[in-house]
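Topology and contacts: notes
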Amino acid sequence: MYVVSKWGFSVIPPVTLGFLRVALGGAALLAVLRVGEARASTATDGGSSVAREDWPGFVALGGWVTLTIATQFLGTDLTNASQGSLLTVLTPVFTVALGAAVLGERVTRTKAVGVALAGVGTVVVLAGQYDLGGIPAGNVLGVALLLVASVAWAGFTVWGAPLVRRYSALTAATYSTLASVPMLGALSVVELAALGYGLGDVPLDGPMLLGSGPTLLAVAYLGLASTAAAWYLWYTGLEYVSAGTVAVFFFAQPVVGAALGAVFLDERLGPGFALGGALMAAGVWTVSRVRAEPVGDD
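By convention here, each chain's residues receive numbers from 1 onward along its written sequence. Given that this is a predicted model, residues contribute local features only at a pLDDT of at least 70 and side-chain atom pairs are listed and counted only at 80 or more, while totals for whole chains, interfaces and linings are drawn from all residues. Just so you know, side-chain values use all the structure's heavy atoms and leave hydrogens and water out.

Points about the overall build of the chain
A tally of regular secondary structure across the chain gives eleven helices and zero strands. We call a residue buried when its accessible area falls under 20% of the maximum for its residue type, exposed when it is over 50%, and partly exposed in between, using a 1.4 Å probe and counting protein chains only. A total of 298 residues make up the chain; the buried ones form 48% of that total. In this description, contact between two residues means that some pair of their heavy atoms is separated by no more than 4.5 Å. Taking the intrachain contacts of the chain between residues at least 6 apart in sequence as the baseline, contacts between residues at least 24 apart amount to 87%. Only DSSP runs of H or I reaching four residues or more are called helices, and only runs of E reaching two or more are called strands; each is numbered from the N terminus.

What follows is the structure, given as structure tokens:
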């Protein structure tokens, strides 16, 4: 996602690309939800069975999505890869902390050790791939936006847990994504106006190549894979385990990314890849072995 989005910013402004991403992802999720409802005699996946008092919760999740996408994409556009790694390292930490504060999840000694192991392993991998010493000297605004994005995704995870368990991962992912569409749409209008585009004045060629094949493929990947599929799978984890347990898998992103880069792009793996990957895996295994906590609504 980071590679595709970073390339996409060269042809589509960040917030507008985020809007296109969630609009496509929300439409795909809604289509899957409606197909499920049509096949079932009762709407077991949620849909029309959502209680009226829970709609504000889905709108609030849409707010978390909007804050996450806007700050993440703007921050990624302003920073380099090493600074962007902050998002990977800090998001699980904020999620564990919020899970304890909001949901009352216990941070046992075993879970704390597992999170620390996974975090250290991830940092070792990142240090071998990037110059982490350049983080403080980078774009201050970009780094600040990435910090906000980390907190926002943690909020999306933690405050989404009760709705996921009350309805389903598909329902929660669908309606939270759809709720963010008008919010990001409004921000996109502001962004385009600031860049000199009027309503209905977005060209199909020139600076914004919306009609080009690579751009359409990038938007499709971000919407269908990085949003619809990824967010549904992320929320599915919350149906079974605590937010803190789900969050630790976030540490795997740079390890998987580096491995894919080596396989498909002939990129060099850093000297700490094997050690860092082993530490990360040990941390994830340690957290996943913690006795499951109750995952009820209360």
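With respect to the pattern of salt bridges
Throughout this description, the term salt bridge denotes a Lys or Arg side-chain nitrogen within 4 Å of a carboxyl oxygen of Asp or Glu. Under the definition given, this model contains one salt bridge. Salt-bridge contacts for Arg166 lead to Asp54; the nearest nitrogen and oxygen are separated by 3.0 Å. Of this pair, Arg166 sits in helix α6 (residues 140-166) while Asp54 sits in the loop between α2 (14-39) and α3 (55-78), and the two are 112 residues apart along the sequence.

Some details on helix α8 (residues 213-238)
A rise of 1.5 Å per residue sets the reference length of α8, with its 26 residues, at 38 Å; its end C-alpha atoms lie 36 Å apart and thus fit the reference within 8%. Here the bend at a residue means the angle between the axes of two seven-residue stretches, the one that ends at it and the one that starts at it. Of all bends in α8, the biggest is about 30 degrees, found at Ala230. The span one expects for a helix is its residue count, reduced by one, times 1.5 Å.

Quick notes on the environment of Leu178
Within the fold, Leu178 resides in helix α7 (residues 169-194). What makes Leu178 partly exposed here is its relative accessible area of 28%. C-alpha of Leu178 to C-alpha of Leu30: the two residues are 148 residues apart in sequence and 8.3 Å apart in space. When residues no more than four places from it in sequence are discounted, the contact partners of Leu178 are Gly26, Ala27 and Leu30.

Some remarks on a nonpolar patch on the surface
Surface patches are drawn from residues lacking salt bridges whose relative accessible area is over 30%; two like charges belong together within 9 Å, two nonpolar side chains (Val, Leu, Ile, Met, Phe, Trp, Tyr) within 5 Å. Per-residue and other accessible areas follow the Shrake-Rupley method at a 1.4 Å probe size, with only the shown protein chains counted as cover for residues. On the surface, Val256, Leu260, Val263 and Phe264 cluster together to form a nonpolar patch covering roughly 420 Å² of accessible area. For Leu260, a relative accessible area of 44% translates into the label partly exposed.

Focus: the confidence of the model for the chain
For every residue, the predictor assigns a confidence score, pLDDT, that lies between 0 and 100. Averaged over the chain, the pLDDT score is 83; the fraction of residues at 70 or greater is 83%. The element-level mean pLDDT for the chain is lowest in helix α10 (residues 253-264), coming to 77, with α7 highest at 95. A low-confidence stretch, residues 41-47 (pLDDT under 50), is modelled with 16 contacts involving residues beyond four sequence positions or located in other chains. Under a pLDDT of 50 for its full length, residues 203-207 has, in the predicted model, nine contacts with residues more than four places off or in other chains.

Some words on the packing of aromatic side chains
Aromatic rings from Phe, Tyr and Trp, taking only the six-membered ring of Trp, are treated as a pair when their centres fall within 6.5 Å; an angle between ring planes under 30 degrees marks them as stacked, one over 60 as edge-to-face, and anything in between as tilted. With the rule as written, the count across this model stands at twelve aromatic pairs. Relative to Trp231, the ring of Phe156 lies with its centre 5.8 Å away and its plane at 55 degrees, an arrangement referred to as tilted. With Phe156 in helix α6 and Trp231 in helix α8, the pair connects residues that are 75 residues apart, well separated along the chain. Like Trp231, Phe156 is buried. Pairing Phe156 with Tyr235 gives two aromatic rings, centres 4.6 Å apart and planes at 20 degrees, and the pair type is stacked. With Phe156 in helix α6 and Tyr235 in helix α8, the pair connects residues that are 79 residues apart, well separated along the chain. In this structure, Phe156 and Tyr235 share a single accessibility class: buried.

Comments concerning the nonpolar core
If you look at the biggest cluster of nonpolar residues, it comprises 34 residues, and the most contacted ones within it are Val22, Phe58, Tyr235 and Leu238. Mapped onto this core, the elements with two or more residues apiece are α2, α3, α6, α7, α8 and α9 (243-247). Ignoring any residue separated from it by four or fewer positions in sequence, one finds Phe58 in contact with Val50, Leu163, Tyr167, Thr171, Ala172, Tyr175, Ser176 and Ala179. Among the nonpolar cores identified, the runner-up in size contains 13 residues, and Val248, Ala252, Ala258 and Val284 belong to it. As used in this record, nonpolar core signifies buried Ala, Val, Leu, Ile, Met, Phe, Trp, Tyr and Cys residues forming a set joined through side-chain atoms within 4.5 Å.

Examining the packing of helix α5 (residues 109-129) against helix α11 (residues 273-288)
At a closest axis distance of 7 Å, the pairing of α5 and α11 adopts a crossing angle of 160 degrees. By the angle class used here, α5 and α11 are roughly antiparallel. Here the hand of the crossing between α5 and α11 comes out left-handed. Seen from α5, the contacting residues are Thr110, Lys111, Gly114, Val115, Leu117, Ala118, Val120, Gly121, Thr122, Val124 and Val125; seen from α11, they are Phe273, Gly276, Gly277, Leu279, Met280, Ala282, Gly283, Val284, Thr286 and Val287. The residue classification treats Ala, Val, Leu, Ile, Met, Phe, Trp, Tyr, Cys and Pro as nonpolar and Asp, Glu, Lys and Arg as charged. All others, Gly included, are polar. For the contact of α5 with α11, the residue count by class is twelve nonpolar, eight polar and one charged. Between N-to-C directions, angles span 0 to 180 degrees; the directions come from axes that are lines fitted to C-alpha atoms, helices contributing only their stretch in contact. We call two directions roughly parallel when the angle between them is under 35 degrees, roughly antiparallel when it is over 145, roughly perpendicular when it lies between 65 and 115, and oblique otherwise. If you view the pair so one helix is near and one far, a crossing is left-handed when the near helix is turned anticlockwise from the far one by less than a right angle, and right-handed when it is turned clockwise.

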